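Residue-level listing of the chains:
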Amino acid sequence: MARVVESDTVPGGSDVQQLSLDSIRESLIRQEDTIVFSLIERAKFPLNSPAFEDSSSLTEFFVREIETIQAKVGRYENPEENPFFLDTIPHSVFPTHKYPQVLHPKASSVNINKRLWDVYFKELLPLFVKPGDDGNYASTAASDLACLHALSRRIHYGKFVAEIKFRDSPHDYEPAIRSKDTEALMKLLTFEKVEEMVKKRVEKKAETFGQEVKCVSGGDESEKKKYKVDPYLVSRIYGEWLIPLTKDVEVEYLLRRLD
Ligand SMILES: O=C(O)C(=O)C[C@]1(C(=O)O)C=C[C@@H](O)C=C1
């Protein structure tokens, strides 16, 4: 029987009152670790395109089935989680955690996972995995799903970032929201220095987490370091795709904020 568990825990682990841009950014920083590790794990396999190329692909089937079972254990009760395929989300079979209402009720209608799916398979994956096909489709699909979930959570975290920015200075945002001025909203929510810092930090994380570790002492220090995923590519993935998609989610959310 469904039992509701009350809690004050919100993104960033703080309570609703203490939610701040800093605590939200802390969570984005922690999510970088998950994203970098998931890319490193996926890079173990070659592209394996037959697994995902068709509309009725093995990967799509796998993701649909997993999302259904995860919905039944309450995954999408969490406002941080956004499904790729579920138009109708099955109810949880078990007691669900009651997440505090931080976001505007229209938040659940902001979901850009269809775009993310295309971007991931058509643009990102070919960048950081080797070409080829080793037939290992089931494991590859599981790795793709880990990446997709991590990327989707990060991008849709834009809803929380936007909510805090709106609460911090409603008078700046309201005129742009009322006139549906997406350019003005984009300008208001952009912090270029923060973006530069994010790109530098994820490059460093990819270097640290993905380097070949050797235990032999006296090795040649000048030997070129090998990485499981090119750190510069990780910085590009953030700069050219993840940050812009996060900002699109922020704008989409803000446009609905006064509904
Ligand atoms: O930290 C913020 O203020 C965010 O909105 C997040 C983010 C990002 O995606 O990392 C996006 C826009 C800002 O220009 C800076 C960073």
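Residues numbered from 1 in each chain as written. Predicted model: local features only at pLDDT ≥ 70, side-chain atom pairs only at ≥ 80, totals over all residues. Heavy atoms only, no water.

### Some remarks on the overall build of the protein
Here's step 1: Broken down by element type, the protein carries nine helices and two strands.
Here's step 2: Listed by position from the N terminus, the elements making up the protein come as β-α-α-β-α-α-α-α-α-α-α.
Here's step 3: Contacts in the protein between residues at least 24 apart in sequence constitute 79% of all its contacts with a sequence separation of at least 6.
Here's step 4: Surface exposure of the protein reaches about 14,300 Å², of which carbon and sulfur atoms provide 53%.
Here's step 5: Treating the 37 positive side-chain charges of the protein as one cloud and the 43 negative ones as another, the clouds have centres 1 Å apart. (Helix = DSSP H or I, 4+ residues; strand = E, 2+ residues; numbered from the N terminus. Contact = heavy atoms within 4.5 Å. Areas by Shrake-Rupley, 256 points an atom, 1.4 Å probe, with all protein chains shown as cover. Lys, Arg positive; Asp, Glu negative; His and termini not counted. Charge placed at Lys NZ, Arg CZ, Asp CG, Glu CD.)

### Focus: the site of the ligand
Here's step 1: Around the ligand, the structure places 14 residues, and the nearest of them are R25, K165, F191, E195 and E250.
Here's step 2: Residue R25 places a side-chain N or O atom 2.6 Å away from an oxygen atom belonging to the ligand.
Here's step 3: Within the side chain of E250, an N or O atom sits 2.7 Å from an oxygen atom of the ligand.
Here's step 4: In isolation the ligand exposes 350 Å². Once the protein is present, 99% of that is buried.
Here's step 5: Those elements giving two or more residues to the shell around the ligand turn out to be α5 (158–168), α8 (192–209) and α9 (231–256).
Here's step 6: Its residues placed into classes, the shell around the ligand shows six nonpolar, two polar and six charged. (Near = heavy atom within 4 Å. Polar contact = N/O pair within 3.5 Å; in protein donor to acceptor, adjacent residues only side chain to side chain. Nonpolar A, V, L, I, M, F, W, Y, C, P; charged D, E, K, R; others polar.)

### Structural notes on the side chain of N48
Here's step 1: Following the sequence through the fold, N48 ends up in the loop between α1 (21–42) and α2 (58–72).
Here's step 2: Of note is the side chain of N48, whose polar atom sits 2.9 Å from the side chain of T140.
Here's step 3: Filtering out sequence-adjacent residues up to four positions away, N48 remains in contact with G132, D133, D134, G135, N136, Y137 and T140.

### Looking at the packing of aromatic side chains
Here's step 1: Inspection of every chain in the model, using the stated rule, returns seven aromatic pairs.
Here's step 2: Between the aromatic rings of F85 and W117, the centroid separation amounts to 5.0 Å while the plane-to-plane angle is 75°, which identifies the pairing as edge-to-face. Taken together, the positions of F85 in the loop between α2 and β2 (96–98) and W117 in helix α3 (residues 113–128) put the pair 32 residues apart, joining distant regions of the chain. Pair check on accessibility: F85 and W117 agree, each one buried.
Here's step 3: Judged by centre distance (4.9 Å) and plane angle (80°), the ring pair of Y120 and F121 falls under edge-to-face. The pair formed by Y120 and F121 is uniform in burial state, with each residue classed as buried.
Here's step 4: An aromatic cluster is present here, built from F52, F84, F85, W117, Y120 and F121 joined pairwise through their rings.
Here's step 5: Sitting above the plane of the F191 ring, R25 keeps its charged end 5.1 Å from the centroid. (Phe/Tyr/Trp six-rings, centres within 6.5 Å; stacked < 30°, edge-to-face > 60°. Buried < 20%, exposed > 50% of the residue type's maximum accessible area, 1.4 Å probe, protein only. Lys NZ or Arg CZ within 6 Å of the ring centre and 35° of its normal.)

### Side note on the pattern of salt bridges
Here's step 1: Scanning the entire structure with this criterion turns up 20 salt bridges.
Here's step 2: With a closest N to O distance of 2.8 Å, E195 and K247 form a salt bridge. Here K247 lies in helix α9 and E195 lies in helix α8, a separation of 52 residues in the sequence.
Here's step 3: Close ionic contact of E240 with R236 constitutes a salt bridge, the shortest N to O distance being 2.8 Å. With E240 and R236 both in helix α9 and four residues apart, this pair spans about one turn of that helix.
Here's step 4: What makes R236 partly exposed here is its relative accessible area of 25%.
Here's step 5: One continuous salt-bridge network, built from bridges that share partners, spans R30, E32, D33, R201 and K205. (Salt bridge = Lys/Arg side-chain N within 4 Å of Asp/Glu carboxyl O.)

### Side note on the nonpolar core
Here's step 1: Y120, L125, F128, V234 and Y238 are the most contacted members of the largest nonpolar core, which totals 40 residues.
Here's step 2: Those elements that provide at least two residues to this core are α1, α3, α4 (137–156), α8 and α9.
Here's step 3: Looking at which element gives the most residues to this core, the answer is α9, with nine residues.
Here's step 4: Not counting residues up to four positions away in its chain, the partners in contact with L125 are R42, L47, F52, Y120 and D144.
Here's step 5: Listed in part, the 21 residues of the second largest apolar core include F160, V161, L185 and V251. (Core = buried A, V, L, I, M, F, W, Y, C linked by side-chain atoms within 4.5 Å.)

The quantities given are spatial measurements derived from coordinates; they are silent on function.
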